[in-house]
Amino acid sequence: MNKRYSMLFTITAVAVMGATLFGSTYTQTQISGQSIDMSQIKHDMMDKIRQMGGLQLVMPQAFAEVDCGALEQTGRNVVEFNLTGESVELPIMGGKTYNAMTFNQQVPGPTLRVTQGDVVKMTLTIPDDEVVGHGNDMHASQISALTFDSVNPGETSQFCYIAEAAGVFKYHCSGVHLVGMDQHVLSGMYGIAIVDPIKGYKKLMVEKTSVSGGEVSLDRQFYDADALEFTLQFNQLYLTDDGNYDAGAMFQHHNTATVINGMQFAYVPNMLHNILLKGDENKNIFVAQPWNGLENKQYQSQLLYVENGQHVRLFIENHGNEPVFFHIVGEILDRVVQGNRVQSAATETWLLGGSQNMIVDLVFDEPGAYALVNHDYAAIYTGALGLFIAGDPFGLNPRLVDAGIIEAPVASYAYALGNPSDAVPPMGKNSIAHPAINIHGLYTDKVASEMKDAGMIPLWEVIPTLPPVP
Ligand SMILES: [Cu+2]
């Protein structure tokens, strides 16, 4: 390659990188103030870009310092976040496995939780025996993408930033110098950072009505900012029959699976619920119970338990290529917040595009089963469905007490079975602690055993030791 072509190649790579990372609309607008078809870019345009000093000069400037040494001396709270990029084999629905790429042997990667104004010290390590390099793009940061780049096998790299904006933010692998980013993200290298507002969350107001003296009037209900919290991360898998990433399917938007927290239909009833409700582990409550049976261990489906009249907060991120029409069947989303700003209240469904997030606050007033879905039928049927169980809708309290599983009636089944670990974020500024947490998620056995050591409940071991439910 001669020098001229070499330079053109470099500029093209930077241009493509800019468009990929920051969205072509933003980049194009910055260049010329009008729309440009990136595929039609000619050499004179490349010259203009070169005269401007390359596209990086028009990218967002660093609002936060990158030098960890300087940031660690500012008097801010410093939170370390350590990730390891590792390719592992993980199960998919139907008894097969796929070649996953992960942060810390789990999909999604660990949830980072900080308070607005904290310094995040992000360290990415790639083991010697890892097949490729990996990067990390944290959407909660505001630093040049050129700062971090990718990390080769056997190496470690680090950057620091101030989490200036409150909200939910995706993080994801940026591939090897951005090459293969789609493959790495859609194979599992994604997660979220929750940045709690520096002043904490706001009280929740829910509009109700009441009757007094024969007149119906507004009766506003207020709930304390403290809430029981869950994380729900939506994505798709694009796989060949032998479990490899299928780029052709991705380009055509033909996904093989729709996942919440890495798994299809992860929050539906299992054999234990069959026993509790139907007295027979083989009598399925739900039409499809793909992760049914103790042999599925940490992958056995679990349910999401909440109390009635309790403030529930959901941190939701769409990591995928398809929109998420988030809806809870039988419920109204009492408040939708993005970036610590209220976007809507008392709404039925809220739309999230790719790499978009929200915080949903709601209260389940009545005991019952409530399905959370991506209200796109193709997504529902391919896995974007789970169940919240509020209160004691099945009248199980006396039976659970008789069986000695609980001592006294409980406000939610979480007191007996716990909530699934992959849907429970780390504690934050206004978190209500879950009564118990069971080990559930797309984890390797190593991760599951570390969680057991940390005190989370391995239901696949505990259930066989429980007294039979009468
Ligand atoms: Cu990667």
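The present account deals with the structure reproduced in this document. None of these values were measured; they are calculated from a predicted model.

Definitions and limits used
Residues numbered from 1 in each chain as written. Predicted model: local features only at pLDDT ≥ 70, side-chain atom pairs only at ≥ 80, totals over all residues. Heavy atoms only, no water. Helix = DSSP H or I, 4+ residues; strand = E, 2+ residues; numbered from the N terminus. Buried < 20%, exposed > 50% of the residue type's maximum accessible area, 1.4 Å probe, protein only. Contact = heavy atoms within 4.5 Å. 1 Å grid on protein atoms, 1.4 Å probe; cavity = no way out; pocket = protein on both sides within 12 Å on 5 of 7 lines; lining within 4 Å. Points joined across faces, edges and corners; volume = space filled by probe spheres on them. Nonpolar A, V, L, I, M, F, W, Y, C, P; charged D, E, K, R; others polar. Donors = N, O, S within 2.8 Å, 3.2 Å for Na, K, Ca; no water. Tetrahedral: all angles 85-135°; square planar, octahedral: opposite > 155°, others 65-115°. Phe/Tyr/Trp six-rings, centres within 6.5 Å; stacked < 30°, edge-to-face > 60°.

## Remarks on the environment of methionine 427
No. 1: In this structure, methionine 427 sits in the loop between strand 25 (419-420) and strand 26 (431-432).
No. 2: For methionine 427, a relative accessible area of 53% gives the class exposed.
No. 3: With 199 residues separating them in the primary sequence, methionine 427 and leucine 228 have C-alpha atoms 9.8 Å apart.
No. 4: Excluding residues within four positions of it along the chain, methionine 427 makes contact with Arg113, Ile432 and Ala433.

## Considerations on empty space enclosed by the protein
No. 1: Overall, the coordinates contain two cavities of 30 Å³ or more when judged by the stated rule.
No. 2: In terms of residue class, the lining of the second largest cavity is built from six nonpolar, three polar and no charged.

## Looking at the coordination of the copper ion
No. 1: Around the copper ion, the protein contributes the donor atoms His134 (ND1), Cys173 (SG), His184 (ND1) and Met189 (SD), which lie 1.9 to 2.7 Å from the metal centre.
No. 2: Given four donor atoms and angles of 84 to 134° at the metal, the environment of the copper ion is assigned as irregular.
No. 3: In the primary structure, the donors to the copper ion are separated according to the pattern H-x38-C-x10-H-x4-M. Of the two residues, histidine 134 sits in strand 6 (residues 134-135) while histidine 184 sits in helix 5 (residues 181-186), which places them 50 residues apart along the sequence. Of the two residues, histidine 134 and histidine 184, both sit in the buried class.

## As for the packing of aromatic side chains
No. 1: Counted by the stated rule, this structure contains 11 aromatic pairs.
No. 2: Centroid distance phenylalanine 230 to phenylalanine 388: 5.6 Å. Interplanar angle 80°. Geometry classified as edge-to-face. Of this pair, phenylalanine 230 sits in strand 14 (residues 227-237) while phenylalanine 388 sits in strand 24 (residues 385-390), and the two are 158 residues apart along the sequence.
No. 3: Note on phenylalanine 388: relative accessible area 0%, which makes it buried.
No. 4: Through successive ring pairs, a cluster of aromatic residues spans Phe230, Phe364, Tyr370 and Phe388.

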